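Given next are the chains, with one letter for each unit.
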Amino acid sequence: MQMTTPRVLSVNVGSVREIEWRGRRVTTGIWKHAVSGRVALRGVNFLGDDQADRTVHGGPDKAVYAYAREDYDFWRDHQRIDTSPGFFGENLTTEGLDLSRALVGERWTVGSAVLEVAQPRLPCFKLGLRMGDPHFPKRFLAASRMGAYLRIVREGDVGANDPVLVTNRPDHEVTLHFMVEALRDPGKAAVLRELPYLPDFWRQVAEDG
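Here is a short report on the structure shown in this document. (Residues numbered from 1 in each chain as written. Predicted model: local features only at pLDDT ≥ 70, side-chain atom pairs only at ≥ 80, totals over all residues. Heavy atoms only, no water.)

## Observations regarding a nonpolar patch on the surface
Worth spelling out the cut-off: Note on patches: the residues involved have over 30% relative accessible area and no salt bridge, like charges join within 9 Å, and the nonpolar side chains Val, Leu, Ile, Met, Phe, Trp and Tyr join within 5 Å. Reported accessibility uses the Shrake-Rupley method at a 1.4 Å probe radius. Residues are deemed covered only where the shown protein chains occlude them. Any Lys or Arg side-chain nitrogen found within 4 Å of a carboxyl oxygen on Asp or Glu counts as a salt bridge. Numbered from the N terminus, helices here are DSSP runs of H or I no shorter than four residues, and strands are runs of E no shorter than two.
A cluster of nonpolar residues, Leu122, Leu183 and Phe201, forms a patch on the protein surface that exposes about 240 Å² of accessible area. Position of Leu122 relative to the elements: it lies in the loop between strand E10 (113-120) and helix H2 (125-131).

## Here's the deal with empty space enclosed by the protein
The criterion, for reference: The definitions used throughout rest on a 1 Å grid laid over the protein atoms alone, on which a cavity is an enclosed set of points accommodating a 1.4 Å probe that cannot get out and a pocket is an open set flanked by protein within 12 Å on both sides along at least five of seven lines; lining residues are those having an atom within 4 Å of a point. Grid points are joined across faces, edges and corners, and a volume is the space filled by probe spheres set on the points. Amino acid classes used here: Ala, Val, Leu, Ile, Met, Phe, Trp, Tyr, Cys and Pro are nonpolar; Asp, Glu, Lys and Arg are charged; the rest, including Gly, are polar.
By the definition in use, this model includes 1 cavity of 30 Å³ or more. Of the pockets and cavities examined, the largest cavity occupies roughly 60 Å³. Around the largest cavity, the lining residues are Asp71, Leu99, Ser100, Pro120, Ser144, Arg145, Met146, Gly147, Leu176, His177 and Val180. In the lining of the largest cavity, the residues fall into 5 nonpolar, 4 polar and 2 charged.

## Regarding the side chain of Thr94
Applied cut-off: The criterion used for residue contact is that any of the two residues' heavy atoms lie within 4.5 Å.
Tracing the backbone shows Thr94 in strand E8 (residues 92-95). Setting aside residues no more than four positions away along its own chain, Thr94 makes contact with Arg7, Leu9, Ala66, Tyr67, Ala68, Arg69, Glu70 and Leu99.

## Comments concerning the layout of surface pockets
Considering only enclosed or pocket space, the second largest pocket measures out at about 210 Å³ in volume. Of the residues that constitute the lining of the second largest pocket, the class distribution is 2 nonpolar, 4 polar and 4 charged.

## Regarding the pattern of salt bridges
Convention followed: Each residue gets one of three labels from its accessible area relative to the maximum for its type: buried under 20%, exposed over 50%, partly exposed in between, using a 1.4 Å probe on protein chains only.
In this structure the tally under the stated criterion is 19 salt bridges. Between Asp71 and Arg145 there is a salt bridge, and its shortest N-O distance comes to 2.7 Å. With Asp71 in helix H1 (residues 69-79) and Arg145 in the loop between helix H3 (136-143) and strand E11 (148-154), this pair connects stretches of sequence that are 74 residues apart. For Asp71, a relative accessible area of 10% corresponds to the buried category. A cluster of three or more residues bridged by salt bridges with shared partners is formed by Arg7, Arg69, Glu70, Asp73, Arg76, Asp77 and Glu95.

What follows is the structure, given as structure tokens:
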């Protein structure tokens, strides 16, 4: 069977909006929409994109969020959830990449930008808000199809159909799926201590492991 060349299906951005959720007003940037043409990636954001609370979303270790078309297929086929690119709030909808097997610290060249895999997504209540289901974040975590948060190593611009070239894979076996398992496995959490580029939250997981 011919393998799909890894590529960007769409670049998705969204501004912060205010939503009523369970009797209170909540600000969120999870609503993303696909944009045409090439989109500049500067600082910690794509042009036109934003996050409501940078203490838990966005920032250098969560500058770009990628989610795979193949994982959306899972939600459609096994959970009967109708989705579209950007539905889970990702900036890059990808095809041909198994994001759960991405190594922490591996680098991608996408368009003229270079990105580095930093960590998996751990869903908060705002994903439940987006789905209209407060229990969905637990289902999302249980499925372990988390997507990948990426750092910006080199600024550039990215567009739909750009190939995703994995240009460097570190000499270790810690995948994003492994990191999720480390939340419940002290032995795996301890392995994380050997990685030099862990975000603060995961460094704490490692120390507690």
